[in-house]
Amino acid sequence: ESADWVFNVTLALRSAIALDSPTISISIPELQYTSEPATILSVPATIDAPTFVSATFTVPNSLPERWYPHNLGTPKLYNITTTVHVGSNLSFSFDTRTGFRTIVLVQSPYSQEEVDSRGITPGDQWHFEVNGKAFYSSGTNIIPPDPFYPRITSDKMRWIIESAVLSGQNMVGILRPLIWMLKIAES
């Protein structure tokens, strides 16, 4: 709970020109945090296949507020800008939003006192903790409303998630359709 955050960035890059010794950096404006640039693999001049590059950054634990499920606190999100630097004055960047949280499945045996006083069978108890706080999880796994993923709109998914929130759920798993199966069927 007190360790610094490890932030991994992996990108699939394609370029019409070779990129020698590019670097990646991240910034989180709300936290006034900007990482040092990290050197990544050179990217060859090809648009046929991507080159996968990765970098790891450390964000001090003291900076971000923790994200909590809607019924346990504020779901705090941050804007993250990832920038790829190519040469001295050429770069490109993109933004995404994310939250910082830990979630742990805690498993421990019932004490003999609990077994005797409650009349339960010996075994393990388990519960989830988010950011070090135990909570009652209530949720569901959702199958998308259409097996053809591109037809699923943001409005449809927003309605599903908002319905889960209104029904008191705090954990939702969303299963993506297996698009790769379509590719197998076509071959």
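Residues numbered from 1 in each chain as written. Predicted model: local features only at pLDDT ≥ 70, side-chain atom pairs only at ≥ 80, totals over all residues. Heavy atoms only, no water.

A tally of helices and strands in the chain yields three helices and twelve strands. Referenced to the eigenvectors of the C-alpha coordinate spread, the extents of the chain come out at roughly 70 × 45 × 30 Å. Carbon together with sulfur atoms contributes 55% to the accessible area of the chain, which is approximately 12,700 Å² in total. (Helix = DSSP H or I, 4+ residues; strand = E, 2+ residues; numbered from the N terminus. Areas by Shrake-Rupley, 256 points an atom, 1.4 Å probe, with all protein chains shown as cover.)

Read across the open sheet, the three strands follow the order β8-β9-β10; overall the sheet is antiparallel. The open sheet terminates on both sides in strands that have one partner only, identified here as β8 (103-109) and β10 (133-135). Strand-to-strand twist across the sheet, computed as the mean angle between neighbouring axes with direction ignored, equals 45°. Alignment of strand β9 (residues 124-130) against β10, held across three bridges, turns out to be antiparallel. Its bridge partner being in β10, F128 is matched across the sheet by F135. (Pairing = 2+ DSSP bridges. Axes fitted to C-alpha atoms, helices over the stretch in contact; angles between N-to-C directions.)

Okay, the nonpolar core next. Within the largest apolar cluster, 23 residues are counted, with the highest numbers of intra-cluster contacts made by I24, I26, I28, F57 and V59. For this core, the secondary structure elements donating two or more residues are β1 (5-15), β2 (23-28), β5 (46-59) and β6 (78-86). Considering every element that reaches this core, the biggest residue donor is β1, with five residues. Aside from chain neighbours lying at most four places away, what touches I26 is F7, V9, Y33, T34, S35, F57, V59, I80, T81 and T82. (Core = buried A, V, L, I, M, F, W, Y, C linked by side-chain atoms within 4.5 Å. Buried < 20%, exposed > 50% of the residue type's maximum accessible area, 1.4 Å probe, protein only. Contact = heavy atoms within 4.5 Å.)

With that settled, the discussion passes to the environment of I80. Looking at where I80 falls in the secondary structure, it is placed in strand β6. Each C-alpha atom of the pair I80 and T98 lies 7.2 Å from the other, and the pair is 18 residues apart in sequence.

Time to look at unusual backbone geometry. The phi dihedral of S21 falls on the positive side, at around 55°, and the residue is not glycine. Relative accessible area serves as the criterion here: at 51%, S21 is assigned to the exposed category.

As a further point, take the confidence of the model for the chain. Across the chain, the average pLDDT comes to 86, with 93% of residues at 70 or higher. Across residues 179-187, where pLDDT falls below 50, the model places one contact with residues more than four positions away in sequence or in other chains. (pLDDT = per-residue confidence, 0-100.)

For helix α2 (residues 154-166), spanning 13 residues, the distance from its first C-alpha to its last is 18 Å, which sits close to the expected 18 Å at 1.5 Å a residue. Regarding α2, the residues found buried are M157, I160 and A164. The buried residues of α2 occupy one face: seen down the axis, they fall within an arc of 60°. Away from the buried face of α2 by more than 90 degrees, exposed residues S154, D155, R158, W159 and L166 are located. Once α2 finishes, G168 follows within two positions and takes phi at roughly 90°, a positive value. (Expected span 1.5 Å × (residues − 1). Arc of directions from axis to C-beta.)

Take the side chain of T83 next. Mapped onto the secondary structure, T83 falls in strand β6. For T83, a relative accessible area of 14% translates into the label buried. Once residues within four sequence positions are removed from consideration, T83 is found in contact with T23, I24, S25, S91, F92 and S93.

Take the packing of aromatic side chains next. In this structure the tally under the stated criterion is four aromatic pairs. Their ring planes at 90° and their centres at 5.8 Å tell us that W126 and F128 sit as a pair that is edge-to-face. These aromatic residues form a ring-pair network of at least three members: W5, Y78 and F100. (Phe/Tyr/Trp six-rings, centres within 6.5 Å; stacked < 30°, edge-to-face > 60°.)

On the surface, a nonpolar cluster with roughly 260 Å² of combined accessible area is contributed by I161, V165, V172 and I174. Looking at the nonpolar patch, the elements with two or more residues in it are α2 and β12 (171-174). Mapped onto the elements, I161 comes out in helix α2. Taking the relative accessible area as the measure of exposure, I161 reaches 34% and is therefore partly exposed. (Patch = residues over 30% accessible without salt bridge, like charges linked within 9 Å, V, L, I, M, F, W, Y side chains within 5 Å. Salt bridge = Lys/Arg side-chain N within 4 Å of Asp/Glu carboxyl O.)

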